[in-house]
Amino acid sequence: MEQLAVLGGPAARTSASPEWPIFDDLEKDALISVVSSGEWGRLGGDVTQKVEAEFAKLTTCKHALAVNSGQTALRLAILALNPPAGAEIICPAYTFIATAMAIVEANCVPVFADIERSSLCLDARSVESVITERTIAIMPVHLGGVPADMDALGAVAEKHGLAIIEDASHAHLSTWRNKQIGALGTIGCFSLQASKNLNCGEGGIITTNDTALYARLSALQNNGRIPGDPSRYRHAVLGGNYRMTEFQAAIVGCQLQRLDVQTVHRFENGKRLNAALSGIPGFAPLPDRDGETLNAYHLYCFSIDDTFFGVPRDTVLGALRAEGISCGPGYATLVYEHDAFTTGDFGPYSGASNGYTKSVEANRAKCPVSDLVAHRVGAWLPMTELMADASGIDEIIHALEKVSHLRNYLASTG
Ligand SMILES: Cc1ncc(COP(=O)(O)O)c(C=O)c1O
């Protein structure tokens, strides 16, 4: 076998990583059509409404509401539950910071529970162990597109009378037991930010089957206007302007036409990589799980055995990058380790500050799997790598095999 690229050998990957986003005249024409219509905001146009109807249908939900970001979607979902100041919401620490920041910005307390090693999503047993009389909701993240165990989490929520807000930012079209993610909890929240599987630059979309909650969500995103009220200047409740523009919606509409084919393509490539990784010493895919009927693979999560390699994870990742593979350690800093959370001072959100556990050690003691994945074994490929054709996937597999086989040389790459 040729030398490692990090030591001057030829890179395993010769093709370029697929580009993202994918677009053509469809998107350009849709944008021009909005420009020409003169209706650029959703109060005048109907593009956003049409996209919402389509997304609701795709996710098998009664309602979908477009907003200006994924974090806004999560925050409004919490506010729609009418939480008292300082209500507790259970979420993972192994996630993008927005999951927990949305909780704080709803003046609620984020309480961290651990993740399962098999899915990297919330572990229902850990969730149950941190429930108190102040808990109102569980916020699972379908990490990287992997559906969380909604049977187990649903059972805990039902037993304790809690809502479930699904953070489905990574999981457009993922399914759990053939049911759409976003339709399994009380409210589903999707990000449409530039890196996401469904993308309009910035944006979010909320799904629910609960018509009363939808009415509250709609008012919250539209300066407190009640849906269906023809008056522009009647404001029944507090709210803000979190509306999506017609430009963003036009792009979502086009990208929706591509989503299905792209999702199946990534899913098939993900399964190919799983089969390959199972046979490459030092790397391990997430295991097959009963119930995981479709993983949208926003990220391809896997683990690295640093004992096998005899070097830290980052050295292995550096060698893979030198081979031309785009990869990273995943969320290497847990939410409770970020400066924004270690002080426990959330400024004006005093409901969130009171009762927040700021001690990193105390949080770590509750989250040993998150700690292991974040700091030692976790790794991922971005979803663009899974958009590759068969030969691109062959090259990724070849790179993994090469780095595994030549592991004894890694120590000198330090
Ligand atoms: C898990 C998760 N939740 C929430 C968000 C927030 O989405 P947005 O960036 O659209 O606000 C993201 C975005 O990266 C995310 O990855």
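In this numbering scheme, every chain counts its residues from 1 along its sequence in written order. Only residues with pLDDT of at least 70 get local features here, since the model is predicted, and only at 80 or more are side-chain atom pairs given and counted; chain-wide, interface and lining totals rely on the full set of residues.

## Topic: the overall build of the chain
- A run of H or I in DSSP counts as a helix once it spans at least four residues, and a run of E counts as a strand once it spans at least two, with each numbered from the N terminus. If you tally the helices and strands in the chain, you get 15 helices and 13 strands.
- The atom set for the radius of gyration is the C-alpha atoms, and the globule formula is 2.2 Å times the number of residues raised to the power 0.38. Rg of the C-alpha trace for the chain: 22 Å, near the compact-globule value of 22 Å for 414 residues, within the 12% margin.
- Projected onto the principal axes, the alpha-carbon positions of the chain cover approximately 70 × 55 × 35 Å.
- Here a residue counts as buried when 20 or more other C-beta atoms fall within 10 Å of its C-beta, as exposed when 12 or fewer do, and as partly exposed in between; the C-beta atoms come from the backbone. Within the chain, the fraction of its 414 residues that count as buried is 49%.
- Contact between two residues is assigned whenever their backbone-derived C-beta positions fall within 7 Å. Sequence-distant contacts in the chain: of pairs separated by 6 or more residues, those separated by 24 or more amount to 71%.

## Things to note about the nonpolar core
- To count as a nonpolar core, a set of buried Ala, Val, Leu, Ile, Met, Phe, Trp, Tyr and Cys residues must be joined through C-beta atoms within 7 Å. Membership of the largest hydrophobic core comes to 126 residues, with the highest contact counts inside it found for L76, A77, I78, I89, I165, I205 and I206.
- Contact partners of I165, with chain neighbours within four places excluded, come to L74, A77, I78, A137, M139, G185, T186, I187 and C189.

## Looking at the site of the ligand
- Of all residues adjacent to the ligand, which total 14 residues, the nearest are S69, G70, F96, A98 and S191.
- Among the secondary structure elements, those contributing two or more residues to the shell around the ligand are α3 (70-80) and α4 (98-104). Being near a molecule or strand means, for a residue, that its C-beta atom, positioned from the backbone, comes within 6 Å of it.

## Some words on helix α14 (residues 368-377)
- For α14, the set of buried residues is S370, V373 and A374. Relative to the axis of α14, the buried residues are bounded by an arc of 90° and lie together on one face.
- Looking at the buried positions of α14, the neighbouring elements they touch are β2 (88-92) and β13 (378-382). Regarding the arc, it is the one traced by the directions from the helix axis to the C-beta atoms.

## Digging into the sheet that holds β2
- Pairing between strands requires that DSSP locate at least two bridges from one strand to the other. The strand order across the open sheet formed by seven strands is β1-β9-β8-β5-β4-β2-β3, and the pairing between neighbours is mixed. Of all the strands in the sheet, the pair left with one neighbour each is β1 (63-67) and β3 (109-113). Neighbour-to-neighbour, the strand axes of this sheet turn through a mean angle of 25°, independent of strand direction.
- As judged from the three bridges shared by β2 and strand β4 (residues 135-138), these two strands associate in the parallel manner. Looking at β4, one finds that E88 is bridged to T135.
- Between the N-to-C directions of two axes lies an angle of 0 to 180 degrees, each axis being a line fitted to C-alpha atoms and, for a helix, fitted only over the stretch in contact. Here helix α6 (residues 150-160) sits on the sheet in contact with β4 and β5 (163-167), set at roughly 160° to β4.

## Some points on unusual backbone geometry
- Of note, the bond from W20 into P21 is cis; its omega dihedral lies within 30 degrees of zero at 5°.
- Within the secondary structure, P21 sits in the segment before α1 (25-37).
- In this structure, T60 takes a positive phi of about 55° despite not being glycine.
- The class of T60 is partly exposed, set by 14 C-beta atoms lying within 10 Å.
- Even without glycine at this site, N107 takes up a positive phi of about 60°.

## Topic: the packing of α1 against helix α8 (residues 246-278)
- Axis separation between α1 and α8 bottoms out at 9 Å; the angle between their running directions is 150°. Taken together, the axes of α1 and α8 lie roughly antiparallel to each other. In this structure, the crossing between α1 and α8 has a hand that is right-handed. Taken together, the residues of α8 that come into contact with α1 (itself represented by L26, E27, A30, L31, S33 and V34) are E246, F247, A250, I251, G253 and C254.
- Polarity classes work like this: nonpolar for Ala, Val, Leu, Ile, Met, Phe, Trp, Tyr, Cys and Pro, charged for Asp, Glu, Lys and Arg, and polar for all others, with Gly in that last group. The class makeup of the residues in the contact of α1 with α8 is eight nonpolar, two polar and two charged. Any angle that falls under 35 degrees is termed roughly parallel, while one over 145 is termed roughly antiparallel, one within 65 to 115 roughly perpendicular, and all others oblique. Handedness of a crossing follows from how the near helix is turned relative to the far one, being left-handed for an anticlockwise turn of less than a right angle and right-handed for a clockwise one.

## Points about the environment of A137
- One can find A137 in strand β4.
- Its 23 C-beta neighbours within 10 Å are what place A137 among the buried residues.
- Counting along the chain gives 48 residues from A137 to I89, while the straight-line C-alpha distance between them is 5.0 Å.
- Those residues in contact with A137 that lie beyond four places of it in its chain are L81, I89, L162, A163, I164 and I165.

## With respect to the environment of T343
- Position of T343 among the secondary structure elements: in the loop between α11 (339-342) and α12 (350-353).
- C-beta crowding within 10 Å serves as the criterion here: with 11 such atoms nearby, T343 is assigned to the exposed category.
- For the pair formed by T343 and T357, sequence separation is 14 residues and the distance between their alpha carbons is 9.8 Å.

## A word on the sheet that holds strand β7 (residues 179-180)
- The three strands are arranged β7-β6-β11 in an open sheet whose pairing can be described as antiparallel. The two strands at the open ends of the sheet, each matched to only one other strand, are β7 and β11 (292-294).
- Sheet analysis places strand β6 (residues 175-176) next to β11, joined by two bridges and oriented antiparallel. When the bridges of β11 are listed, T175 appears paired with L294.

## A short note on α8
- For a helix, the expected span equals 1.5 Å multiplied by the residue count minus one. For α8, built from 33 residues, the straight-helix expectation of 48 Å at 1.5 Å per residue is met to within 8% by its first-to-last C-alpha distance of 45 Å.
- A bend of about 40° at L259 is the largest found in α8. Note that bend, as reported per residue, equals the angle between axes fitted to the 7 residues terminating at that residue and the 7 residues originating from it.

## Re the packing of α3 against helix α7 (residues 211-221)
- The geometry of α3 relative to α7 is characterised by a closest axis approach of 9 Å and an angle of 125° between their N-to-C directions. Regarding the angle of α3 to α7, the classification is oblique. Considering only the axes of α3 and α7, their crossing is right-handed. Within the contact between the two elements, α3 uses L76, L79 and A80 and α7 uses L213, R216, L217, L220 and Q221.
- Its residues assigned to classes, the contact of α3 with α7 comprises six nonpolar, one polar and one charged.

## Re the pairing of strand β9 (residues 204-208)
- Along β9, five of the five residues are buried, which leaves the element largely enclosed by surrounding structure.
- Going residue by residue along β9, you find G204, I206 and T208 tucked away on one face and I205 and T207 tucked away on the opposite face as well.
- Strand direction decides the pairing type here: β1 and β9, joined by five bridges, are antiparallel. Counted as the bridge partner of V67 is G204 from β9.
- Relative to β9, strand β8 (residues 187-191) runs antiparallel, the two sharing five bridges. Looking at β9, one finds that F190 is bridged to I205.

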